[in-house]
Amino acid sequence: MELNEFKNKKVAHSAVVVLYERSSDSLILTKRSDQLRSHPGEICFPGGAWEEGDENYYVTALRELQEELGVGPERITLIRELNIQKTLLGNIIHPWFASIESIHPYELNQQEVVRLISISMPLVRDPQNYKDFVIEREGRRYSTCEFTANKDWVWGATARIMRQLAK
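Model, not experiment: these values are computed from the prediction.

Cut-offs and rules
Residues numbered from 1 in each chain as written. Predicted model: local features only at pLDDT ≥ 70, side-chain atom pairs only at ≥ 80, totals over all residues. Heavy atoms only, no water. Pairing = 2+ DSSP bridges. Helix = DSSP H or I, 4+ residues; strand = E, 2+ residues; numbered from the N terminus. Buried < 20%, exposed > 50% of the residue type's maximum accessible area, 1.4 Å probe, protein only. Disulfide = S-S within 2.5 Å. Contact = heavy atoms within 4.5 Å. Axes fitted to C-alpha atoms, helices over the stretch in contact; angles between N-to-C directions. Polar contact = N/O pair within 3.5 Å; in protein donor to acceptor, adjacent residues only side chain to side chain. Expected span 1.5 Å × (residues − 1).

Draft legend 1. Inspection of the pairing of strand S9 (residues 130–137) at higher detail. In the sheet, S9 pairs with strand S10 (residues 140–147) via eight bridges, with the strands oriented antiparallel. Looking at S10, one finds that Val-134 is bridged to Ser-143.

Quick look at the structure:
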């Protein structure tokens, strides 16, 4: 992306459900399909871009949860809104911390999600499982974060959102 394109880029807003599964005391994340245009193969929360017709960002998050995992909003209990996060490209993510008794039954939308990931909440809550690091993109250096207590690499905005749950 040319620098002028980056400067003129309109900021996109998206919303995610930071989903706590009560029955397993775990946080639910997804692995994105390698076929997706944006963020292929990354670990993230269920969610996506705000669309015309979405009443608010929580509705966006719930709509995306249903599209990606087949989990309806009637199964979700909102706990609280978390602090928004900016991606490295400057887009805004609105995270919503919510709970579900059990993620089962669910159905992966294979076009978008290839795997469900469950991370134990004691690991999520331990501040020692987060590490800051610097990444270089398009000649610029960014400070970001990674979650280190999982075999899958969780980093960037997703790790920063998780870090909000750490004690």
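Picking up where we left off.
Draft legend 2. Spotlight on the pairing of strand S2 (residues 26–32). Among the seven residues that make up S2, six are buried, leaving the element largely enclosed by the rest of the structure. Inspection of the sheet shows strand S1 (residues 13–21) paired to S2 by three bridges, in the antiparallel sense. For Leu-19, the partnering residue across the bridge sits in S2 and is Ile-28. In sequence, S1 turns back onto S2 through a hairpin of four residues, with Asp-25 there showing a positive phi of about 50°. In the sheet, S2 pairs with strand S8 (residues 113–120) via seven bridges, with the strands oriented antiparallel. What sits directly across from Leu-29, in S8, is Ile-117. As paired elements, S2 and strand S3 (residues 43–44) share two bridges and run antiparallel to each other. In the strand pairing of S3, Lys-31 is matched with Ile-43.

Draft legend 3. Up close: the state of the cysteines. Counted by the stated rule, this structure contains zero disulfides. The thiol of Cys-44 is not disulfide-bonded; the next cysteine sulfur, from Cys-145, is found 16 Å away. For Cys-145, a relative accessible area of 1% translates into the label buried.

Draft legend 4. Region of interest: the environment of Ser-143. Locating Ser-143 in the fold gives a position in strand S10. Beyond its immediate sequence surroundings of up to four residues, Ser-143 is in contact with Phe-133 and Val-134.

Draft legend 5. Structural view of the sheet that holds S9. Taken together, the three strands give an open sheet; going across it, the order is S9-S10-S11, and neighbouring strands pair in antiparallel fashion. Edge positions in the sheet fall to S9 and strand S11 (154–155), since each has one partner strand and no second. Across the sheet, helix H4 (residues 156–163) touches S9, S10 and S11, and the angle it forms with S10 is around 50°.

Draft legend 6. Summary view of the side chain of Asn-91. By the secondary structure assignment, Asn-91 is in the loop between strand S6 (85–86) and strand S7 (92–100). A polar side-chain atom of Asn-91 sits 3.0 Å from the main-chain amide nitrogen of Ala-12.

Draft legend 7. Seen up close, the environment of Gly-72. Looking at the element boundaries, Gly-72 is found in the loop between helix H2 (57–69) and strand S5 (77–81). Residues Gly-72 and Leu-88 lie 16 residues apart in sequence; the distance between their C-alpha atoms is 31 Å.

Draft legend 8. Region of interest: H2. Compared with an ideal rise of 1.5 Å per residue, which puts 13 residues at 18 Å, H2 spans 18 Å between its outermost C-alpha atoms and is within 8% of the ideal. In this fold, the buried residues of H2 make contact with S1, S2, strand S4 (47–49), S5, S7 and S8. The opening residue of H2 is Asn-56, an N-cap whose side-chain oxygen sits 3.0 Å from the backbone nitrogen of Tyr-58. Following H2 by one or two positions, Gly-70 adopts a phi angle in the positive range, close to 70°.

Draft legend 9. Representation of the environment of Tyr-142 in the model. By the secondary structure assignment, Tyr-142 is in strand S10. Remark: the alpha-carbon pair of Tyr-142 and Trp-155, spanning 13 residues in sequence, is separated by 12 Å. Non-local contacts of Tyr-142, meaning those with residues more than four positions away in its chain, are made with Leu-88, Phe-133, Val-134, Ile-135 and Arg-137.

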